[in-house]
Amino acid sequence: MAAIKDGGIKMSLQGKKVLVVGTGKSGIAATELLCANGIDTVLFDGNKELDSKTLYEKAPKLKEVPLILGDLTDEQIDEFDVAVLSPGVPTDIPMVNSLRDRGVKIWGEIELAYTFGAGEIIAITGTNGKTTTTAMLGKIMSDYLDSVYVVGNIGTPYTSVALDTKEETVTVAEISSFQLETIQDFQPAVSAILNITEDHLNRHHTMEEYIRVKELITGNQTKDQVCVLNYEDEVLRTFGESGQVKAKVVYFSSLRELPQGIFLRGKEIVLRAGEKEFVITTTDRLKILGRHNHENTMAAAAMAYYAGVPVENIKKSVENFVAVEHRIEYVTEKNGVVYYNDSKGTNPDAAIKGIQAMPSVASFQSDFLVH
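What counts and what doesn't
- Residues numbered from 1 in each chain as written.
- Predicted model: local features only at pLDDT ≥ 70, side-chain atom pairs only at ≥ 80, totals over all residues.
- Heavy atoms only, no water.
- Buried < 20%, exposed > 50% of the residue type's maximum accessible area, 1.4 Å probe, protein only.
- Helix = DSSP H or I, 4+ residues; strand = E, 2+ residues; numbered from the N terminus.
- Pairing = 2+ DSSP bridges.
- Axes fitted to C-alpha atoms, helices over the stretch in contact; angles between N-to-C directions.
- Parallel < 35°, antiparallel > 145°, perpendicular 65-115°, else oblique.
- Left-handed = near helix turned anticlockwise from the far one by under 90°.
- Contact = heavy atoms within 4.5 Å.
- Nonpolar A, V, L, I, M, F, W, Y, C, P; charged D, E, K, R; others polar.

S.K.: Go over the pairing of strand β13 (residues 268–273), please, and point to the residues and values.
M.R.: Counting buried positions over the 6 residues of β13 gives 5, a clear majority of the element. Pairing between strand β12 (residues 261–265) and β13: 5 bridges, direction antiparallel. Opposite Ile-262, over in β13, you have Leu-271 as the bridge partner. Alignment of β13 against strand β14 (residues 276–282), held across 6 bridges, turns out to be antiparallel.

As structure tokens, then:
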């Protein structure tokens, strides 16, 4: 379907011994994937009080998998070639440092799934808007293709579907900064960074490190692949112009016309690609509110276009897309008041954008909302 093919080299785990760190949803899915491929695997959790019986009841396929709880000795660490960390496990804690210092390769669930998966990957990151953009892009691709999976931070572990993917499969992945910390060869055919604002500094410690980790999504891409960036985000515009991105950079903008890329012109969402110009749709035909959602639509549309989806198919899918649960999700109208559920607005930038999306405030930008 798409002209952009995955050219990455994937490391084999055959003959390796793997430690999976974490017994939550991601850890269980990773362990099941490894066992299904005959890889010698041990499951580890730092909680020495963990009820192993409950764990095995939750994941009966893992009953034969050795389980280590509490601490790892140096002798145990020396048995492993690769450690697969669940996203919630920081990469700089003493246990992980010990693994790294003793020569164990540190992977995450995304890298593991990529190693066993087939087909093409389309990957999205950013501080805000990831889930809506991923869900919309997943709809576009699913409406157009027979074999599509939507995975990652959106809720379905990539490892849980990797073995179901085929050469014709497109996997649409929402990738968090926690997941990007541990990629090695992961190479999306099309990537996007939607925006970068302050978040997760308790994990990444500095804004510079948070930015660096977000930008890793492009690290293994080639000149034949595509990276979609927000022109109105100064960090991302600078990154796109720096020469660090090997992939073809395609910008989106909600504030100005671009000579190339995708942008908002009045109510029109316009895509310029080479000598071609297309009107994808108009904002009054969308079922999602707010300028930030217009940006999410532009990112999804651009990614789909460069993944080979015809404009008419993109138009139909984005116009039929409805808000993701908890993200400015229409609830009801009562006594002339319209109620929306925006409970996923969990950082200041997301909350501000949710307020600004409301029709009653969309016509003005007050200083107290912007700042």
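From this point, the discussion proceeds with the structure in view.
S.K.: Residues and numbers for the packing of helix α6 (residues 130–144) against helix α12 (residues 311–320), please.
M.R.: Contact geometry of α6 with α12 gives a least axis separation of 9 Å together with a crossing angle of 130°. Between α6 and α12, the crossing angle belongs to the class labelled oblique. In this structure, α6 meets α12 at a crossing whose hand is right-handed. Here Met-136, Lys-139, Ile-140, Asp-143 and Tyr-144 of α6 come into contact with α12, specifically with Asn-313, Ile-314, Ser-317, Val-318 and Asn-320. Looking at side-chain class alone, the contact of α6 with α12 contains 5 nonpolar, 3 polar and 2 charged residues.

S.K.: Run through the sheet that holds strand β2 (residues 40–45), naming residues and quoting values.
M.R.: The strand order β3-β2-β1-β4-β5 describes an open sheet built from 5 strands, whose pairing is parallel. Of all strands in the sheet, those with a lone pairing partner are β3 (67–69) and β5 (105–108), marking the two edges. Strand-to-strand twist across the sheet, computed as the mean angle between neighbouring axes with direction ignored, equals 25°. In this structure, strand β1 (residues 17–21) lies alongside strand β4 (residues 82–85), joined through 4 bridges in parallel fashion.

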